[in-house]
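One letter stands for each residue in the lines below.
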Amino acid sequence: MAITTEPPPVREPAARPSRRSGQRSSLAGRDRTFGFMLAAPGVALFLVVAVYPLVASLGTSLYEQSLVRPDRAFAGLRNYVEVWPEFVDRLGTTLVFSVFATVFPLLVGVALALLLNARLKGRAVLRGMLMLPWLLPGVVVSFLWAWIFNDSYGVINHSLSQLGLPQADFLGEPATAMAAVIVAKTWNTFPWVMVVVLAVLQTLPREQLEAAAIDGASRPQRFWHVSMPHLMGPVALVTMLEFIYNFGSFDMIFVMTGGGPGTSTMTLAVSLYQYAFVEFSLGRAAAMGVLWLVALSLVCAAYFLLNKKLEARR
């Protein structure tokens, strides 16, 4: 009787973990750790500079707190109720200043950028000279224009007297004080708009401009139909940034008019300063700042929604 034996089953060796996959996971973990280490200082700085003051302001706005006394008492929403009427009034003044101090530098900057984009002799020197107002600090510009508009020894009134024309108290009259500040702000900020628009104009495709000229398009038509579509994005961004900056502008208004005469130039920034450092009411100043932040957030949200719709149409 023959006895047959079956060979024992061959076991396949267990799959060993790949060294490459382990190395990859180890490298990925190291990269993440290294990335967190690089981002940690920036995040910490953001928390200290932005988040902590915001949370502290929200807390302070709920208390009756003075700058000259260490104690404070819980006030709830009383500070918001007390500053609300003044906030509405100051918001209107701030919007007037922000709109006109944004539109006029935009118009001047775009016009000068178009002029400097043309082939003019000495345009490099002219560009440098036109950049001077932007290089000066805002306080210096404020004192300069306060001297120009001074009713006693200002340049404008002196020129008017030499011409036999009646003089005016530009910074002392409610009808002209805001206009004087807007003129000074326009002179200080138009070079920034000019530089941005000029940089965009330098990158325009020459082929499209030449093709439009060959087809018989005039210079205004070439600007509106060829150049303007390329300028819309940068100009919209510059307009929004300038509006946000003007919405919180303080130095020029404070130096030139101090918020006066009366309350004709009393913006939110100057009003907050009055609450904090004249009346020493930190609670009301914080409440004004929180309402100010909400209003500015609404403006930014409207811009982002509008920009999103414009991008969707393209």
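Above: the structure in question.
Note that this is a predicted model, so its numbers are computed, not measured. (Residues numbered from 1 in each chain as written. Predicted model: local features only at pLDDT ≥ 70, side-chain atom pairs only at ≥ 80, totals over all residues. Heavy atoms only, no water.)

Caption draft 1: Local environment of the pattern of salt bridges. For the coordinates displayed, the defined rule picks out five salt bridges. A salt bridge links R284 to E82; its shortest N-O distance comes to 2.7 Å. Highlighted residues: R284 in helix α12 (residues 282-313) and E82 in helix α2 (residues 78-117), separated in sequence by 202 residues. Classification of R284 as partly exposed rests on a relative accessible area of 21%. Classification of E82 as partly exposed rests on a relative accessible area of 35%. Among the salt bridges present, the one from E86 reaches R90, with a minimum N-O distance of 3.3 Å. Placement of both E86 and R90 in helix α2 is noted, with a separation of four residues, approximately one turn of the helix. Classification of R90 as buried rests on a relative accessible area of 8%. Among the charged side chains, a salt-bridge network with shared partners connects E64, R78, E82 and R284. (Salt bridge = Lys/Arg side-chain N within 4 Å of Asp/Glu carboxyl O. Helix = DSSP H or I, 4+ residues; strand = E, 2+ residues; numbered from the N terminus. Buried < 20%, exposed > 50% of the residue type's maximum accessible area, 1.4 Å probe, protein only.)

Caption draft 2: Summary view of the layout of surface pockets. Considered as a void within the structure, the largest pocket measures approximately 650 Å³ in volume. Lining the largest pocket are 17 residues, and of these N117, R206, L209, R219 and R222 sit closest to its centre. Listed by contribution, the elements that provide at least two residues to the lining of the largest pocket are α2, α7 (174-202), α8 (206-214) and α9 (219-247). When residues in the lining of the largest pocket are grouped by element, the largest group, five residues, is from α9. Here the lining of the largest pocket is composed, by residue class, of eight nonpolar, three polar and six charged. (1 Å grid on protein atoms, 1.4 Å probe; cavity = no way out; pocket = protein on both sides within 12 Å on 5 of 7 lines; lining within 4 Å. Points joined across faces, edges and corners; volume = space filled by probe spheres on them. Nonpolar A, V, L, I, M, F, W, Y, C, P; charged D, E, K, R; others polar.)

Caption draft 3: Up close: the packing of α2 against α7. Put simply, α2 and α7 touch, their axes get as near as 6 Å, and they point 40° apart. If you check the angle between α2 and α7, you find them oblique. You can see that α2 and α7 cross each other, and the crossing is right-handed. (Axes fitted to C-alpha atoms, helices over the stretch in contact; angles between N-to-C directions. Parallel < 35°, antiparallel > 145°, perpendicular 65-115°, else oblique. Left-handed = near helix turned anticlockwise from the far one by under 90°.)

Caption draft 4: Summary view of the packing of aromatic side chains. Counted according to the given criterion, the structure contains 11 aromatic pairs. Between W145 and W187 the ring centres are 5.9 Å apart and the planes differ by 65°, which places this aromatic pair in the edge-to-face class. Taken together, the residues span a long stretch of sequence, with W145 in helix α5 (residues 138-148) and W187 in helix α7 at a distance of 42 residues. Residue class for W145 comes out buried when judged on its relative accessible area of 13%. Site record: aromatic cluster; members linked through ring pairs are W145, F149, F170 and W187. (Phe/Tyr/Trp six-rings, centres within 6.5 Å; stacked < 30°, edge-to-face > 60°.)

From the geometry alone we can't say anything about function, so treat these as descriptive.
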